[in-house]
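Structural description and commentary
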Amino acid sequence: ESLMGQIAAASVDYRDAEERWDRAGFEWSGRVEAALQQTFNLQTFRPLQRAAINAVMAGEDVVVIMSTGSGKSLCYQLPAVASGGFALIVSPLLSLVEDQLHQLKKLGVYAAALNQATEKEEAKTIDTAILDAKSPLKLLYVTPEKLAKSKRLMNKLEKAADTGRLKLMAVDEVHCCSQWGHDFRPDYKFLNVLKRQFKGVPLMGLTATATGNVLDDVKKMLGIEASIVFRAGFNRPNLHYAVEEKPKGDMGERIAEIIKERYPTQSGIVYCLSRKDCEVVAQNLRKLGIRASFYHAYLEPADKTSVHEKWLGGKIQVIVATVAFGMGIDKPDVRFVIHHSIPKSVENYYQESGRAGRDGKPAACILMYRLADVFRQSTIVCTEQTGKEKLYEMVAFAANDSTCRRETLAGLFAEDWEQGWCQNACDVCARSSSSSSTAEEIDLTEEAKLAAKIIEEARSGSGSSGSEAAAGRLTGLKLVETMGKKNKRSRDFLEAVVTQMLLAEMLMEDFHFTPYSIVSYVVKGPAYDRWAKGGSAFKRRIRVSAPVSKTTSRKRKTVDSDED
Ligand code: ADP
Ligand code: MG
Ligand code: ZN
């Protein structure tokens, strides 16, 4: 019990802010309650909503970090309604804005949007409303591009700020400000003028994901260093995290086993890398007797809705989706989220897996890891600014079998952590408490040298034949295969070695752009020669797939058990 208390207190600063602001008894509390019930037809606030609303109504700058679907919009919509003037909302996605306008209209709240799609007539009406004290306008949605391009609009808004009509500014998806955010948008840079030009108007930033880096960056960018941060409980005690080695070539077979064994009737989501994978995995699950459907960006809107509704209603048990499935999911009883391949970043993983167990009951987040998926994902993200770094953070998470999953996540998100908080709700903690097969430090020196030798041979053309080898290039998988021919270790083991070498920069991916695709080859990385000269051993803690029998000692033999 007291341990659970500690878990809840993991982020002391954030909790302090919450305690200070989450109460009634402010001068505006009556108006806020009334707006919640009468305008928004809602009974109670969700966690942090009231605190964030109070802080911004008191004139403070605020950052709100809550997972998708937890109700961030209300944090600015309600103050906009309850404060007598109007609020300026910066939002990057027109589709999300459309949704909000539609909902607000149903609630009888006058909201409008200015962007490239706005009709001339409407733009004029809005123009007048900005300075008209009698206008019922409550929310004005703009894109960052619109603000950056329209000096006239900026001038009008400045006047509205001076006359006290502009009560609040909100920047949604605020992580887009940061170079470190996973969808950085250059136009967000312009938003640094907001606090300077609209003096005294409080600013609220909202996002579902912000690592420590991103948060600092965002505050600096927007000029709200002293803002109050409200962060929803980062640790989700009811979620069980686990990473499994994906069997080679698996297209859903292992996932079907997991579902049948542990979740025969419960709802879940399986995330796949591509549209094609979704379709194949869904089909395989169906063949194996599971009611599954796929969902990806190429579905017709009507089909999307229909799949979504069938899943919400329980007619479909499992949705097999790309990350296109996410916006607006609000199903509380998702019992498992399984990643069929590695997501592109830890933020993505946290957010996607976090769709499990919204009702607070136990749920599982299972990541299926296989080296081949790293190369597929890396050729997708390598064109993004910090794409490869982000992916490798995720790879490090997946390949680390000796640190509590929660502890790793807490570290990456700059959250406090203390030993024991996980309560064995992750595969690593569970294993170490049952002392079954813990990860051991293994000397990989021989394999590392072999890998380098094979790469060198390929380069000099003295290795095996074939067009790739002739060009001196090897893909990561070809490297593993070649290593397997010269060494008796299992495929899984050699893949683990290559993963560790990539993470240590002893190997590096080298991307080649063809007109139709991007190919990843592996080359020796900057750390290799340094290490080779140094003469020390290359040791890493790795766990190699559950040994068939837990016989004898910790010799290398047990490590190699499964195939070959
Ligand atoms: P986010 O922006 O955090 O992803 P939204 O603001 O889009 O989430 O809200 C998600 C859903 O939660 C919406 O359907 C909204 O109506 C609902 N919601 C928000 N606040 C409450 C509340 N206090 N009580 C019940 N439902 C709420
Ligand atoms: Mg939102
Ligand atoms: Zn743990």
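Residues numbered from 1 in each chain as written. Chains lettered and ligands numbered in written order. Predicted model: local features only at pLDDT ≥ 70, side-chain atom pairs only at ≥ 80, totals over all residues. Heavy atoms only, no water.

**Notes on the coordination of the zinc ion (ligand 3)**
Put simply, the test is: Donors, by definition, are the N, O and S atoms found within 2.8 Å of a metal, the threshold being 3.2 Å for Na, K and Ca, and water is not counted, so a site can look incomplete. Every angle between 85 and 135 degrees makes a four-donor site tetrahedral, while opposite donors more than 155 degrees apart, with all other angles between 65 and 115, make a four-donor site square planar and a six-donor site octahedral; other sites are irregular.
Distances from the zinc ion (ligand 3) to its protein donors, namely Cys404 (SG), Cys422 (SG), Cys426 (SG) and Cys429 (SG), fall within the range 2.3 to 2.4 Å. Bound by four donor atoms, the zinc ion (ligand 3) shows angles of 102 to 117 degrees at the metal and therefore tetrahedral coordination geometry. One chain supplies every donor for the zinc ion (ligand 3), spaced along it as C-x17-C-x3-C-x2-C.

**Quick word on the sheet that holds strand E2 (residues 86-90)**
Counted only if it meets this: Two strands pair under a simple rule: DSSP has to find at least two bridges between them. Only runs of H or I of at least four residues qualify as helices and only runs of E of at least two qualify as strands under DSSP, and these elements are numbered from the N terminus. Simply put, an axis is a line fit to the C-alpha atoms, just over the touching stretch for a helix, and the angle between two N-to-C directions goes from 0 to 180 degrees.
Ordered by their spatial adjacency, seven strands build an open sheet running E3-E4-E2-E5-E6-E1-E7, and the pairing between neighbours is parallel. Because the sheet does not close on itself, it has two edges, and the strands there are strand E3 (111-114) and strand E7 (228-231). The mean inter-strand angle of the sheet, taken between neighbouring strand axes irrespective of direction, is 20 degrees. Bridge count between strand E1 (residues 62-65) and E7: four bridges; the pairing is parallel.

**Re the environment of valine 109**
As a reminder of what qualifies: Whether two residues touch is decided by their heavy atoms; if any such pair falls within 4.5 Å, the residues are in contact.
Relative to the helices and strands, valine 109 resides in the loop between helix H6 (94-106) and E3. Between the alpha carbons of valine 109 and phenylalanine 40 there is a distance of 9.3 Å; along the sequence they are 69 residues apart. Apart from residues lying up to four places away in sequence, valine 109 is in contact with Thr39, Val81, Leu104, Lys138 and Leu139.

**What to know about the packing of aromatic side chains**
We count it as follows: When the centres of two rings from Phe, Tyr and Trp lie within 6.5 Å, Trp using its six-membered ring, the rings pair. Their planes under 30 degrees apart give stacked, over 60 give edge-to-face, and anything left gives tilted. Throughout this description, buried means an accessible area under 20% of the type-specific maximum (1.4 Å probe, protein chains only), exposed means over 50%, and partly exposed covers the range between. We call a charge positioned over a ring when the NZ of a Lys or the CZ of an Arg lies within 6 Å of the ring centre and within 35 degrees of the ring normal.
One pass over the structure, following the stated rule, counts nine aromatic pairs. Ring plane angle 10 degrees and centroid distance 5.8 Å describe the contact between tryptophan 21 and phenylalanine 26, whose orientation is recorded as stacked. Phenylalanine 26 carries the same exposure label as tryptophan 21, and that label is buried. Summarising the aromatic geometry, the rings of phenylalanine 26 and tryptophan 28 are spaced 5.0 Å apart at their centres and angled 5 degrees between planes, so their arrangement reads as stacked. We classify tryptophan 28 as buried; its relative accessible area is 11%. The cationic tip of arginine 275 hangs over the ring face of tyrosine 298; the distance from NZ or CZ to the ring centre is 4.2 Å.

**A look at the confidence of the model for the chain**
Going by this rule: pLDDT is a per-residue confidence score from the predictor, ranging from 0 to 100.
Residue-level pLDDT values for the chain average 88, and 90% of them are 70 or greater. A low-confidence stretch, residues 1-12 stays under pLDDT 50, and its non-local contacts, those more than four residues away or across chains, total 15 contacts. Every residue in residues 546-564 scores below 50 in pLDDT, and together they form 28 contacts with partners more than four places removed in sequence or on other chains. For this predicted complex, the interface score ipTM comes out at 0.97, alongside a pTM of 0.66.

**Observations concerning the pairing of E1**
Residues Val62 and Val64 line one face of E1 and the alternating positions Val63 and Ile65 line the opposite face, and both faces are buried. Relative to strand E6 (residues 203-207), E1 runs parallel, the two sharing four bridges. Across the sheet, the residue bridging to valine 64 is leucine 206, located in E6.

**A look at the site of ligand 1**
Quick note on the threshold: Residue proximity to a molecule or strand is established when one non-hydrogen atom of the residue lies within 4 Å of it. Here a polar contact means two N or O atoms within 3.5 Å. Within protein one must be a hydrogen donor candidate and the other an acceptor candidate, and residues neighboring in sequence count only if both atoms are side-chain atoms. Surface exposure here means Shrake-Rupley accessible area, sampled with a 1.4 Å probe, where a residue is shielded only by the protein chains that are shown. Note that Gly is not counted as nonpolar here; it falls among the polar residues with everything else outside the nonpolar set of Ala, Val, Leu, Ile, Met, Phe, Trp, Tyr, Cys and Pro and the charged set of Asp, Glu, Lys and Arg.
What surrounds ligand 1 is a group of 13 residues, the closest being Thr44, Gln49, Gly69, Lys72 and Ser73. Backbone polar atom of glycine 71 to an oxygen atom of ligand 1: 3.1 Å apart, as the coordinates give it. Out of a free accessible area of 570 Å², ligand 1 has 68% covered by protein chains. Per-class residue counts for the shell around ligand 1 are two nonpolar, eight polar and three charged.

**Quick word on helix H4 (residues 49-57)**
A large share of H4 lies buried, amounting to eight of its nine residues. Among the residues of H4, Gln49, Ala51, Ala52, Ile53, Asn54, Ala55, Val56 and Met57 are the ones counted as buried. The first or second residue beyond H4 is glycine 59, which carries a positive phi of 95 degrees.

**Considering the nonpolar core**
Cut-off, in case you're wondering: Joining through side-chain atoms within 4.5 Å is the link that ties buried Ala, Val, Leu, Ile, Met, Phe, Trp, Tyr and Cys residues into a set, and such a set is a nonpolar core.
Membership of the largest hydrophobic core comes to 74 residues, with the highest contact counts inside it found for Leu479, Met483 and Met501. Ignoring anything within four residues of it in the chain, the contact list for leucine 479 reads Ala451, Ile454, Ile455, Leu474, Val498, Leu507 and Val522. Core analysis: the second largest hydrophobic core is formed by 42 residues, Phe45, Met57, Val97 and Leu101 among them.

**A closer look at the sheet that holds strand E12 (residues 334-339)**
Sheet architecture is open: six strands sit in the order E8-E13-E12-E9-E11-E10, paired in parallel fashion. Only two strands of the sheet have a single neighbouring strand rather than two, namely strand E8 (239-245) and strand E10 (292-295). Pairwise comparison of adjacent strand axes, ignoring direction, gives a mean angle of 20 degrees for this sheet. As paired strands, E12 and strand E13 (residues 363-369) are joined by four bridges and run parallel to one another. In the strand pairing of E13, histidine 339 is matched with leucine 367. Strand contacts of helix H14 (residues 301-312): strand E9 (267-271), E10, strand E11 (318-321) and E12, with the helix running at about 140 degrees to E10, the strand carrying the most contacts.

**Here we look at the pattern of salt bridges**
Here is the rule we go by: The rule for a salt bridge is simple: a side-chain nitrogen of Lys or Arg has to be within 4 Å of a carboxyl oxygen of Asp or Glu.
Within this structure, the stated rule accounts for 29 salt bridges. In this structure, the salt-bridge partner of arginine 254 is glutamate 244, at a minimum N-O distance of 2.8 Å. Residue arginine 254 is located in helix H12 (residues 253-262), and its partner glutamate 244 is located in strand E8; the two are separated by ten residues in the primary sequence. Take glutamate 244: its relative accessible area is 18%, and that puts it in the buried class. Shared partners join several salt bridges into a network, and the residues in it are Glu244, Arg254, Glu257 and Arg262.

**So, the packing of helix H17 (residues 387-399) against helix H23 (residues 491-503)**
Inclusion rule: Angle categories: roughly parallel below 35 degrees, roughly antiparallel above 145, roughly perpendicular from 65 to 115, and oblique for all the rest. Throughout, a crossing is termed right-handed when the near helix is turned clockwise from the far one, and left-handed when it is turned anticlockwise from it by less than a right angle.
Where H17 contacts H23, the two axes come as close as 10 Å, and the packing angle between them is 135 degrees. With respect to their mutual orientation, H17 and H23 come out oblique. In the crossing of H17 with H23, the sense of the turn from one axis to the other is left-handed. For the pair H17 and H23, contact is made by Tyr392, Val395, Ala396 and Ala399 and by Thr499, Gln500, Leu502 and Leu503, respectively. Tallied by class, residues from the contact of H17 with H23 come to six nonpolar, two polar and no charged.

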